[in-house]
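Now for the letters of each chain:
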Amino acid sequence: MRTGVNVPNFGPGTSPEALRRWARTVEGLGFDLLMVSDHVVVTPDVAAQYPEPFYEPFTTLSYLAGVTSRVLLGTTVLVAPYRHPLLVARMAANLNDLSGGRLVLGVGAGWAHEEFEALGAPFERRGALTDELLRTLREAWREEGYRAGRIPLLVGGNSDAALRRAARLGDAWHPLRFTLPWLREKLGRVDAILGGEPAPALVPRIILRITGSPVTGPERLAGEGTIAQVLADLEELRALGAETVVLDPYTGDPAETGTPEVAWQALATVSAHLSR
């Protein structure tokens, strides 16, 4: 099972130098995948969780491609309705080509009502627009001029609709921040949800919050607790079929972006145990 890291491309502590250090840390620790998030207009509903500055993901990953050599680069997740599908097809194909085939494109339907309004994107059609984007990407990338190769498409979201979309139009389902009982229950219903269609690969993103004492209770998120709990969660995800697990060390306080060393230490701890 491969492991990745969701790097904060937002917040008061984020800068070109900080992003460069993040990229070199992630690659240096041996992780397989580096991912960033997506917002275009930092409206109040977005700013409450992901404040300015917010570095646009295609621009950011192009920059980080130049300071890394091995690690895969991805989005978790690109909001499908925010850009014309053919623009996304071109940008993704170019980034994949320029990075030596290292792009993994995670796509989701989005959630920020005010941002949709600011961009003139119809919130009520976000599911249909996400389907349209995914179909257009596949069709465009068949054309020789795009030089896209086979860019993996992850479909983000925790709903049954997102799982069905991943099975129909993507390569993998990319659920975000959940409890393991929730995931076990969802996977137990996968045949009913998909109506007999083959299940997509599983590439989850989980929180990474290492604590000194065990975290208990039904609301404990996967990736939260002692290092023993985190490692047990990763092992269970592997047993459930996860091909890659993305670790997200951002726990919700924008001030964290100014002290990335805390996250790096947590990642180093996980990396050291995984490499034994």
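An account of the accompanying structure is given in this report.

About the cut-offs
- Residues numbered from 1 in each chain as written.
- Predicted model: local features only at pLDDT ≥ 70, side-chain atom pairs only at ≥ 80, totals over all residues.
- Heavy atoms only, no water.
- Phe/Tyr/Trp six-rings, centres within 6.5 Å; stacked < 30°, edge-to-face > 60°.
- Helix = DSSP H or I, 4+ residues; strand = E, 2+ residues; numbered from the N terminus.
- Buried < 20%, exposed > 50% of the residue type's maximum accessible area, 1.4 Å probe, protein only.
- Core = buried A, V, L, I, M, F, W, Y, C linked by side-chain atoms within 4.5 Å.
- Contact = heavy atoms within 4.5 Å.
- Pairing = 2+ DSSP bridges.
- Right-handed = clockwise from strand over helix to strand, strands pointing away.
- Axes fitted to C-alpha atoms, helices over the stretch in contact; angles between N-to-C directions.
- Parallel < 35°, antiparallel > 145°, perpendicular 65-115°, else oblique.
- Nonpolar A, V, L, I, M, F, W, Y, C, P; charged D, E, K, R; others polar.

### Let's talk about the packing of aromatic side chains
Each aromatic ring pair is described using two quantities: the centre-to-centre distance and the angle formed by the ring planes. Counting across every chain of the model gives nine aromatic pairs. Note on phenylalanine 10 and tyrosine 50: the rings are 5.0 Å apart at their centroids and 80° apart in plane angle, and the pair reads as edge-to-face. Residue phenylalanine 10 is found in the loop between strand E1 (2-6) and helix H1 (16-28), and its partner tyrosine 50 is found in the loop between helix H2 (44-47) and helix H3 (57-65); the two are separated by 40 residues along the sequence. Tyrosine 50 matches phenylalanine 10 in its accessibility class, with the two residues each being buried.

### Considerations on the nonpolar core
Ranked by size, the top nonpolar core spans 63 residues in total, and within it Leu34, Leu105, Trp141 and Leu247 carry the most contacts. In this view, leucine 247 contacts Gly4, Val5, Asn6, Phe31, Ile206, Leu208, Leu234, Leu267 and Val270; residues no more than four positions away in its chain are not counted. Counting 12 residues, the second largest nonpolar core, distinct from the first, contains Phe10, Phe54, Ala121 and Phe123.

### Description of the pairing of strand E2 (residues 33-36)
Side-chain alternation along E2 places Leu33 and Met35 on one buried face and Leu34 and Val36 on a second face that is also buried. Strand direction decides the pairing type here: E1 and E2, joined by three bridges, are parallel. The residue of E2 that forms the bridge with glycine 4 is leucine 33. For the handedness criterion, the β-α-β arrangement of E1, H1 and E2 is classed as right-handed. As judged from the four bridges shared by E2 and strand E3 (residues 72-79), these two strands associate in the parallel manner.

### Let's talk about the packing of helix H8 (residues 180-188) against helix H10 (residues 227-239)
Their axes nearest at 12 Å, the elements H8 and H10 cross at an angle of 5°. In terms of orientation, H8 and H10 fall into the roughly parallel class. Counting all contacts with H8, which are made through Leu180, Leu183 and Arg184, the residues of H10 involved are Asp233, Glu236 and Leu237. Grouping the constituent residues of the contact of H8 with H10 by class yields three nonpolar, no polar and three charged.

### Some remarks on unusual backbone geometry
Glutamate 52 connects to proline 53 through a cis peptide bond whose omega is -5°. Along the polypeptide, proline 53 turns up in the loop between H2 and H3. Along the chain, threonine 76 connects to valine 77 via a cis peptide bond; the corresponding omega equals -5°. Within the secondary structure layout, valine 77 lies in strand E3. Positive phi is not limited to glycine here, since arginine 147 has a value of about 50°. The class of arginine 147 is exposed, set by a relative accessible area of 58%. Located in the positive-phi region is arginine 177, a residue other than glycine, with phi close to 50°. Residue arginine 177 is classed as partly exposed on the basis of its relative accessible area, which comes to 28%.

### Description of the sheet that holds strand E8 (residues 205-207)
Here nine strands make up an open sheet; going across it, the order is E7-E6-E5-E4-E3-E2-E1-E11-E8 and the pairing parallel. Looking at the sheet topology across the chains shown, the edges are occupied by strand E7 (201-202) and E8. Direction of pairing for strand E5 (residues 153-156) relative to strand E6 (residues 172-174): parallel, over a ladder of three bridges. Across the sheet, residue valine 155 finds its bridge partner in E6, namely tryptophan 173. Along the sheet face, helix H7 (residues 160-169) touches E5 and E6 and points at about 165° away from the line of E5.

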